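Residue-level listing of the chains:
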Amino acid sequence: VQTCALPILTLKNINKNIIEFKDLYEPQYYDDVIKAINIVAGFDQESNIYKSPSTAYNLGSLIKKIAQIYISDCIKKKKREEKENTEDFLKLLTEDIGVSINKTVIETQTQNFRR
C-alpha cells in the first residue's frame, strides 16, 4: 500500500463520508484527518510519542501540498465551493498542525535521540 493510501484507508474507517482523497478537504473532517495521521504514525496517547514520527510529519506536509495542487485544479475548473472548502481546511491545518502533530514529532525525535 502506498504511503498516501494509508491515511485515506484509515480515514474511510473513521468516517464513512470520506470516499475519495479530495473528500478529506472538507473542514468538518479536519479532526478525523488528525486522528488518521496519529493512527498511521502510531501515536501512543499514554506516552505522548509517535512510533514513526517522520511519518506523521511527512503526512502533514503531503496533505498540505496536495491541497495546494487541488486548489489550483479547482480554480481551473471553476469549482468555487470545493476551492473555498480546501482553503479553509488548509488554514486549519496550517494553524494547528504545529501544535497537534509537529510539536509531538519533535518531542518524540528528541526522546529517541537521547536513547
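Please refer to the structure placed before this passage.
Residues numbered from 1 in each chain as written. Predicted model: local features only at pLDDT ≥ 70, side-chain atom pairs only at ≥ 80, totals over all residues. Heavy atoms only, no water.

## Structural notes on the packing of aromatic side chains
One pass over the full model with this rule turns up five aromatic pairs. Between phenylalanine 21 and tyrosine 25 the ring centres are 6.1 Å apart and the planes differ by 70°, which places this aromatic pair in the edge-to-face class. Note on accessibility: phenylalanine 21 and tyrosine 25 belong to one class, buried. Between tyrosine 30 and phenylalanine 89, the ring centres sit 5.6 Å apart and the planes meet at 65°, which makes this aromatic pair edge-to-face. Of the two residues, tyrosine 30 sits in helix α2 (residues 30-40) while phenylalanine 89 sits in helix α4 (residues 80-114), which places them 59 residues apart along the sequence. This pair shows no difference in class: tyrosine 30 is buried, exactly as phenylalanine 89 is. (Phe/Tyr/Trp six-rings, centres within 6.5 Å; stacked < 30°, edge-to-face > 60°. Buried < 20%, exposed > 50% of the residue type's maximum accessible area, 1.4 Å probe, protein only. Helix = DSSP H or I, 4+ residues; strand = E, 2+ residues; numbered from the N terminus.)

## Details of α2
Along α2, the positions that sit buried rather than exposed are Tyr30, Asp32, Val33, Ile34, Ala36, Ile37 and Asn38. Within two residues after α2, glycine 42 carries a phi angle of roughly 70°, on the positive side.

## Focus: the nonpolar core
Formed by 27 residues in total, the largest nonpolar core has its most connected members in Leu24, Tyr25, Ile63, Phe89 and Ile101. Listing elements by their share of this core, those giving two or more residues are α1 (5-14), α2, α3 (53-76) and α4. The leading source of residues in this core is α3, at seven residues. With near-sequence residues (within four places) excluded, isoleucine 101 lies in contact with Ile34, Ile37, Asn38, Tyr50, Ala56 and Tyr57. (Core = buried A, V, L, I, M, F, W, Y, C linked by side-chain atoms within 4.5 Å. Contact = heavy atoms within 4.5 Å.)

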